[in-house]
Amino acid sequence: MNTGLRITAFAAAIVATFGTAYGVGASIDPVVAEKPPAAHDEHAEAGGEEAGEKAEGGHEGASGAAGGLQISEGGYTLALDTPRVAAGKPSTLRFSVKDDSGRSLTSYAREHGKELHFIVASRDLTVYRHLHPTRAADGTWSVAAKLPAAGGYRAFADFKPAGKGATGITLGADLAVSGRSEPAALPPVRATAEVDGYQVTLDGALTPGKARELTLSVSRDGKPVTDLQPYLGAYGHLVALRAGDLAYLHVHPNGEPDDGVTEPGPEVSFTATAPSPGSYRLFLDFQHKGEVRTAAFTVDVPAAGAGESEDAEESTESEESGSHGH
């Protein structure tokens, strides 16, 4: 398949996010979208033909709308009790999810083996952590973390409250990591990523508003890895973040272990929809030989119709070429 991956200029919005240094005593306010986005479709049921196709097996909705842009949504608020930490030092991140009355949520539905998925990423998308916090009886979550680089970060809580009819929510809050900071350019587009001696190749393209298949193939020393181990109930876990505002997409593989169809590698297939054109970072978590590793890719998503126009032109040229042969 045509990967549709192209190198793009680093968004100026990301550069503006960083100062030269982050002070521990600086005041950090959570970022809230000025206008609430359309209904949070990542976790919603597809509503008829006009809603389009819902990504199979994922949290992403039919429209491709992204989450994590708001600190409050659906009657819940992400309360980050640790709004700043020091770069390169072991820290404990603490947070809770509050309801409209200010009480901490203590009842969650388990999804993909966890009550809550907690993601931390730097604003320049060069640092990514998928953390697994533990919850105290009072609803406070905590997790150890060591963030290597100073600068602005975004913390995401992806969860579903317990109860009939509840839908999944992704909330986001800003996190500051103190220390000397220099903005980094978005890593270049490459079809293959290397991590700890593993090579992961990305095949497929994202299209705004349309479900598309992405296939990631894992190999090691030139040999396909055919014994991937389940991680969070699947052979791979994919998160996409949009450069600039760090809009969050969370999708899952097509198929699962022990379903009688899905093989444990080397390929892991996903269906995803980009909410808009732009540059994205894709982070694939996979487990092999008892250790979870993360492969990262930069993807360029062109405006809707751009690729289709090119395909149409190629098709027309082919037809004209063929007609000349008769």
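Below is a short write-up of the structure.

Our next topic: the sheet that holds strand 19 (residues 278–288). Strand order in the open sheet made by the four strands is 17-16-19-20, with antiparallel pairing throughout. With partners counted over all chains shown, the strands left at the sheet margins are strand 17 (248–251) and strand 20 (291–301), one partner each. Across the sheet, the mean angle from the axis of one strand to that of its neighbour is 20 degrees, orientation sign disregarded. Alignment of strand 16 (residues 237–242) against strand 19, held across six bridges, turns out to be antiparallel.

The next subject is the sheet that holds strand 2 (residues 72–73). On the basis of which strands lie adjacent, the open sheet formed by five strands has the order 2-3-5-9-8 and antiparallel pairing. What marks the edges here is a single partner per strand, and that holds for strand 2 and strand 8 (134–135). In the sheet, strand 8 pairs with strand 9 (residues 141–145) via two bridges, with the strands oriented antiparallel. By the bridge assignment, R135 is partnered in strand 9 with W141.

Tracing the backbone shows D174 in strand 11 (residues 169–180). Only 2.8 Å separates the side chain of D174 from the side chain of R123, close enough to count as a polar contact. A polar side-chain atom of D174 sits 2.8 Å from a polar atom in the side chain of R154.

Rules used in this analysis
- Residues numbered from 1 in each chain as written.
- Predicted model: local features only at pLDDT ≥ 70, side-chain atom pairs only at ≥ 80, totals over all residues.
- Heavy atoms only, no water.
- Pairing = 2+ DSSP bridges.
- Helix = DSSP H or I, 4+ residues; strand = E, 2+ residues; numbered from the N terminus.
- Axes fitted to C-alpha atoms, helices over the stretch in contact; angles between N-to-C directions.
- Polar contact = N/O pair within 3.5 Å; in protein donor to acceptor, adjacent residues only side chain to side chain.

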